[in-house]
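As a plain string of letters, each chain reads:
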Amino acid sequence: MRDVLLMAAFAFLGAAAAGLLGALALRLVRGRSVAVSLTVVAAVAVTAMLTGTLAVAWAMFLSPHDLTVVTTVCAMAAVVSLATALLLGRWVVARSNALALAARSFGDGGSFAAPDGQATAELAALGRELAATSAKLAASRERERALESSRRELVAWISHDLRTPLAGLRAMSEALEDGVAPDPDRYLRRIRTEVERLNTMVGDLFELSRIHAGALSLSPTRISVYDLIGDALAGVDPLARELGVQLIGDRVDPVPVEVDGKEMTRVLGNLLVNAVRRTPADGTVAVTAEREADTVVLSVTDGCGGIPEEDLPRVFDTGWRGTNARTPPAGAGLGLAIVRGIVEAHDGQAAVRNVDGGCRFEVRLPAAAT
């Protein structure tokens, strides 16, 4: 037993010496290629085995022939180990370089495609993460392009819509100032109308800016959708009578919701005003409210003739106004964008689809707990 412990001690001391030297070597090459690190690790393992074996052989006073045999065997093992480590290191480095080259492509604005061939589990996992990141970046770039396009359209349309009433206000004010207005009272009424139009546009812009900035403050209360729709119909009824459009709201279930009454009334008002203005005289605008599972669906169906299928995905975009037939007299393409922003702030969804003779706008809201 004493001899065994003595051999173990000599082997440990020899291997420990090789391990300390190997740790120092790894520290010196820690910023180098992984192939170098793998070679050092293999060399340390073989050197530790060799030094331990030689220490035990020296302690056992082996004959020169036996010592040569042991040394030769260890040397051959060292050669094979180092060669294997070099091959493995070169393969890992090649896979890492291919992955870095593929990653550089989506960093420059392209898309990531994992290199062909087998890879280690860690490199394969890294490739999957890079592919997922590439997809997210592509979606983000697409949203950024869409937002930039909407922003340019909005600026162009707002500039045009502001220029027209401002030019009219300037002409009418100059006519009143010079005393050449044939009917001053009519001019004053017209000025008031244009000022109210401008005030509405500015209010819509302010509301939209609050929504985009995440500064829309809600005060949700428990309220029946029956009351919400009743208030909205009452506000739009004069416009509907003026344009000869009939409002129908007989399919309204009195289900409760937790919403900001003022903001949700604005949502329904925007949808109803749009529907009434797009519906021909003697047409109808129908409003319904019903519960579906854990949601409440509010819908407004008009008789506008439908929206082109290619325009449906853009209906709620900021600044979208579609064809001339759907452009309101005083609109800037903000009403439906405000609708979507307010509905999403209530954890709901706004959607539109074509139906026979028109289109149907739907607002889905979480139902209040009973």
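What comes next concerns the included structure. What you are looking at is a predicted structure, and each value in this text was computed from that prediction instead of being measured.

### Things to note about the side chain of Glu362
Moving on, step 1. Relative to the helices and strands, Glu362 is located in strand 7 (residues 358–366).
Moving on, step 2. Here Arg360 takes part through its side chain, which lies 2.7 Å from a polar atom of the side chain of Glu362.
Moving on, step 3. Not counting the four nearest positions on each side in its chain, Glu362 is found in contact with Val297, Leu298, Ser299, Gln349, Ala350, Ala351 and Arg353.

### Regarding the pattern of salt bridges
When the charged atoms of two side chains lie near each other, side chains of opposite charge can form a pair.
Moving on, step 1. Counted by the stated rule, this structure contains eleven salt bridges.
Moving on, step 2. Among the ionic pairs, Arg170 bridges to Glu174, the shortest N-O distance being 3.3 Å. One end of the pair is Arg170 and the other is Glu174, both in helix 4 (residues 121–178) and four residues apart, which spans about a single turn.
Moving on, step 3. Classification of Arg170 as exposed rests on a relative accessible area of 58%.

### As for the sheet that holds strand 6 (residues 349–355)
Moving on, step 1. A sheet is described by the order of its strands in space; here five strands give the open sequence 2-4-5-7-6, paired in mixed fashion. Edge strands, defined here as strands with exactly one partner in the open sheet, are strand 2 (246–252) and strand 6. Within the sheet, the average angular offset between the axes of one strand and its neighbour, ignoring direction, is 20°.
Moving on, step 2. The pairing of strand 2 with strand 4 (residues 284–292) spans five bridges and is parallel. In the sheet register, Ile248 faces strand 4, and the bridge partner there is Ala286.
Moving on, step 3. Contacts from helix 6 (residues 225–243) reach strand 2, strand 4 and strand 5 (295–301), with the element oriented near 170° to strand 2.

Calculation notes
Residues numbered from 1 in each chain as written. Predicted model: local features only at pLDDT ≥ 70, side-chain atom pairs only at ≥ 80, totals over all residues. Heavy atoms only, no water. Helix = DSSP H or I, 4+ residues; strand = E, 2+ residues; numbered from the N terminus. Polar contact = N/O pair within 3.5 Å; in protein donor to acceptor, adjacent residues only side chain to side chain. Contact = heavy atoms within 4.5 Å. Salt bridge = Lys/Arg side-chain N within 4 Å of Asp/Glu carboxyl O. Buried < 20%, exposed > 50% of the residue type's maximum accessible area, 1.4 Å probe, protein only. Pairing = 2+ DSSP bridges. Axes fitted to C-alpha atoms, helices over the stretch in contact; angles between N-to-C directions.

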